[in-house]
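Structure assessment
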Amino acid sequence: MRTKIELIKLAEQMPKTELHLHIEGTFEPELMFKIANRNQIQLPYQSIEELKAAYQFNNLQDFLNIYYQGMAVLLTENDFYDLTMAYLEKVHSQNVVHTEIFFDPQGHLERDIPFDVQINGISKALEDAKVKWGMSYRLIMSFLRHLSEESAFATLNLAKPFLDKIDAVGLDSSELNHPPEKFARVFQECRELGLKITAHAGEEGPPEYIWQALDCLEVDRIDHGNRALEDTQLTAEIQKRKLTLTVCPLSNLKLCVVDTMEHHPIQKMLQVNLNATVNSDDPAYFGGYMNENYKALIEDSNLTETELYQLAKNAFEGAWLPTSDKALYIAELDKIFHQ
Ligand code: HPA
Ligand code: ZN
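A brief look at the structure comes next.

**Here we look at the overall build of the protein chain**
Scanning the protein chain from terminus to terminus reveals 17 helices and 8 strands. Against the globule reference of 20 Å for 339 residues, the protein chain gives a C-alpha radius of gyration of 19 Å, in line with a compact fold. Along the first, second and third principal axes, the C-alpha atoms of the protein chain reach 55 × 40 × 40 Å. Taking the contacts inside the protein chain whose residues are at least 6 apart along the sequence as the reference set, 76% of them involve residues at least 24 apart.

Written out as structure tokens, the structure is:
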């Protein structure tokens, strides 16, 4: 049997895919200050240390307040490029070979940053990483659920000239009091446009919100989904639909969705045959990227080698990639585990 140190090493070395990542949540304080200076924007913190000290959250909303404040220094296409490229360089160094990233257009449109500035900067970095390292990607446009259905429809209309660059849509921001059904009509149109669908559900919200993601939005995947375990019928329905759950261990710890990593439900999810995966969510704010998430899980639980393999494999299976590409990635994964 491998030791924890050996399992952590294996997690670092194995090829990985990330399926739940907000590009604005990768904004490291050093880069944030650099871009703020370049754009002559004053951050409400005097130093990087002071900014980092503010990263203490009691819940999702505490975090979101700081997250929206941070992204407000992004103004130009170059800013979006630099943010995205910094993330891609980081995860390339961690053996992430495929990534599916969210961006929050409304968080920038509200500040009068045009849609094309955002998406062109992000897409150029993704294309460059593909050329440089062979990294594959998908781009997910996420709607802010604390805003209105009307705002979501307006955003979708702005996105229409760029649908060749957008693979899927998501739903994020403040979950409580903003149930998925609020956006049923928007997601229906997205589905008709051929976009894949995912939604944050069951992070802080009740199992009922996960049911709505299934039945009102007809999701292809569920982001977080922690609270699915509270409802056995719901668990069975997610199994039946073979939906992937994009779980975020360090995020859950930092936002007090779980009290300790030992109590994280991800092993339980695997034990009841849910297709759970490991993801970083907002790594600059939550203490780590993919490797640090795996490391925290391995250190603080009794995760086995088989479970580690299953988590990594589930992510490739749940990626929006052609079956042939998934098979190639999984073959690489198998090599690492069976050497
Ligand atoms: N939950 C909801 N909205 C978000 C998150 C999250 O974890 N990260 C960025 N936006
Ligand atoms: Zn998220």
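**Examining the packing of helix α10 (residues 207–215) against helix α11 (residues 232–240)**
Relative orientation of the contacting elements α10 and α11 amounts to 30°, with a least axis distance of 10 Å. On the basis of their axis angle, the class for α10 and α11 is roughly parallel. By crossing handedness, the relation of α10 to α11 is classed as left-handed. Every residue of α11 that contacts α10 at Pro207, Ile210, Trp211 and Leu214 is listed here: Gln233, Leu234, Glu237 and Ile238.

**Side note on the nonpolar core**
Counting residues in each nonpolar core, the largest one holds 108 residues, and the members touching the most others are Phe143, Ile238, Tyr285 and Leu308. No other element matches helix α7 (residues 115–133), which puts 7 residues into this core. Beyond its immediate stretch of four places on either side in the chain, Leu308 contacts Leu7, Leu10, Ala11, Met14, Tyr294, Ile298, Leu303 and Phe337.

**Section: the pattern of salt bridges**
This model, assessed by the stated rule, comprises 16 salt bridges. For Arg221, the salt bridge goes to Glu100, with nearest N and O atoms at 2.8 Å. Of this pair, Arg221 sits in strand β6 (residues 221–224) while Glu100 sits in strand β2 (residues 96–103), and the two are 121 residues apart along the sequence. Neither Arg221 nor Glu100 differs from the other in exposure class; each is buried. Its salt-bridge partner being Glu149, residue Arg185 comes within 2.7 Å of it at the nearest N-O pair. Of this pair, Arg185 sits in helix α9 (residues 184–192) while Glu149 sits in helix α8 (residues 149–159), and the two are 36 residues apart along the sequence. Each member of the salt-bridge network shares a partner with another, and the members are Asp215, Glu237, Lys240 and Arg241.

**Points about the site of ligand 1**
What surrounds ligand 1 is the set His22, Leu60, Phe63, Leu64, Tyr67, Asp172, Ser173, His200, Glu203, His224, Asp281 and Asp282. Interatomic distance of 3.4 Å between a side-chain N/O atom of His224 and an oxygen atom of ligand 1. When residues in the shell around ligand 1 are grouped by element, the largest group, 4 residues, is from helix α4 (residues 60–71). For the shell around ligand 1, the residue count by class is 4 nonpolar, 4 polar and 4 charged.

**Some points on unusual backbone geometry**
In this structure, Glu218 takes a positive phi of about 55° despite not being glycine. Among the residues examined, Glu218 registers a relative accessible area of 42% and is labelled partly exposed. The phi torsion at Cys256 lies on the positive side, around 60°, for a residue other than glycine. When you line up the elements, Cys256 lands in the loop between α12 (249–254) and α13 (266–271).

**Points about the pairing of strand β1 (residues 16–22)**
For β1, a buried count of 7 out of 7 residues is recorded, marking the element as mostly surrounded by other parts of the structure. Note: β1 against β2, 5 bridges, orientation parallel. Note that in β2 the partner of Glu18 across the bridge is Thr99.

**Digging into the coordination of the zinc ion (ligand 2)**
Every protein donor of the zinc ion (ligand 2) is accounted for by His20 (NE2), His22 (NE2), His200 (NE2) and Asp281 (OD), and the metal-donor separations fall at 2.0 to 2.2 Å. Coordination at the zinc ion (ligand 2) is irregular, judged from the 4 donor atoms that bind it and the angles of 84 to 175° they form at the metal. Positions of the donor residues of the zinc ion (ligand 2) along the chain correspond to the pattern H-x1-H-x177-H-x80-D. Placement of the pair is His22 in strand β1 and His200 in strand β5 (residues 196–201), with a sequence separation of 178 residues. Grouping residues by exposure puts His22 and His200 together as buried.

**Section: the packing of aromatic side chains**
According to the stated counting rule, one finds 14 aromatic pairs in the structure shown. Centroid distance Phe57 to Phe286: 6.3 Å. Interplanar angle 85°. Geometry classified as edge-to-face. Of the two residues, Phe57 is situated in the loop between α3 (48–53) and α4 and Phe286 in helix α14 (residues 283–286); the sequence distance between them amounts to 229 residues. In this structure Phe57 comes out as buried when scored by relative accessible area, which is 6%. Overall, the relative accessible area of 2% leaves Phe286 in the buried class. Against the face of Trp320 rests Arg221, its NZ or CZ located 3.7 Å from the ring centre.

Cut-offs and rules
- Along each chain, residue indices are assigned from 1 in the same order as the chain's sequence is written.
- Here every chain gets a letter starting at A, and every ligand a number starting at 1, in the order they are written.
- Where local features are concerned, this predicted model is filtered to residues with pLDDT of at least 70; where side-chain atom pairs are given and counted, the filter is 80 or more; whole-chain, interface and lining totals use all residues.
- As a rule here, side-chain values come from all non-hydrogen atoms in the structure, and water together with hydrogens is ignored.
- Here a helix means four or more residues in a row that DSSP labels H or I, a strand means two or more in a row labelled E, and each is numbered from the N terminus.
- This radius of gyration counts C-alpha atoms alone. The globule rule is 2.2 Å times how many residues there are, raised to the power 0.38.
- The contact rule is simple, with two residues in contact once any of their heavy atoms fall within 4.5 Å.
- Angles here are taken between N-to-C directions and fall from 0 to 180 degrees, while the axes themselves are lines fitted to C-alpha atoms, restricted in helices to the stretch in contact.
- Orientation is classified from the angle alone, with under 35 degrees giving roughly parallel, over 145 giving roughly antiparallel, 65 to 115 giving roughly perpendicular, and any other angle giving oblique.
- Should the near helix be turned anticlockwise from the far one by less than a right angle, the crossing is left-handed, and should it be turned clockwise, the crossing is right-handed.
- For our purposes a nonpolar core is just a set of buried Ala, Val, Leu, Ile, Met, Phe, Trp, Tyr and Cys residues, chained together by side-chain atoms within 4.5 Å.
- Working definition: with a 1.4 Å probe on protein chains only, accessible area under 20% of the residue-type maximum means buried, over 50% means exposed, and in between means partly exposed.
- By salt bridge we mean one thing: a side-chain nitrogen of Lys or Arg within 4 Å of a carboxyl oxygen of Asp or Glu.
- A single heavy atom is enough: if one lies within 4 Å of a molecule or strand, its residue is considered near that molecule or strand.
- Pairs of N or O atoms within 3.5 Å make up the polar contacts considered here, provided that, within protein, one atom can donate a hydrogen while the other can accept it, and that residues adjacent in sequence are counted only when both atoms are side-chain atoms.
- Here the nonpolar group is Ala, Val, Leu, Ile, Met, Phe, Trp, Tyr, Cys and Pro; Asp, Glu, Lys and Arg are the charged ones; every other residue, Gly included, is treated as polar.
- Strands were regarded as paired on the criterion that DSSP finds at least two bridges between them.
- Each metal site lists N, O and S donors within 2.8 Å (3.2 Å for Na, K and Ca). With water left out of the atoms, a site can look as if it is missing ligands.
- Under the classification used here, a metal with four donors is tetrahedral if each angle lies between 85 and 135 degrees, square planar if opposite donors are over 155 degrees apart and the others between 65 and 115, a six-donor metal meeting that same test is octahedral, and anything else is irregular.
- The aromatic pairing rule takes the rings of Phe, Tyr and Trp, using the six-membered ring of Trp, and pairs them if the centres are within 6.5 Å, calling planes under 30 degrees apart stacked, those over 60 edge-to-face and the rest tilted.
- Criterion for a charge above a ring: Arg CZ or Lys NZ at most 6 Å from the ring centre, at most 35 degrees from the ring normal.

No statement about biological role is implied by the geometric values presented.
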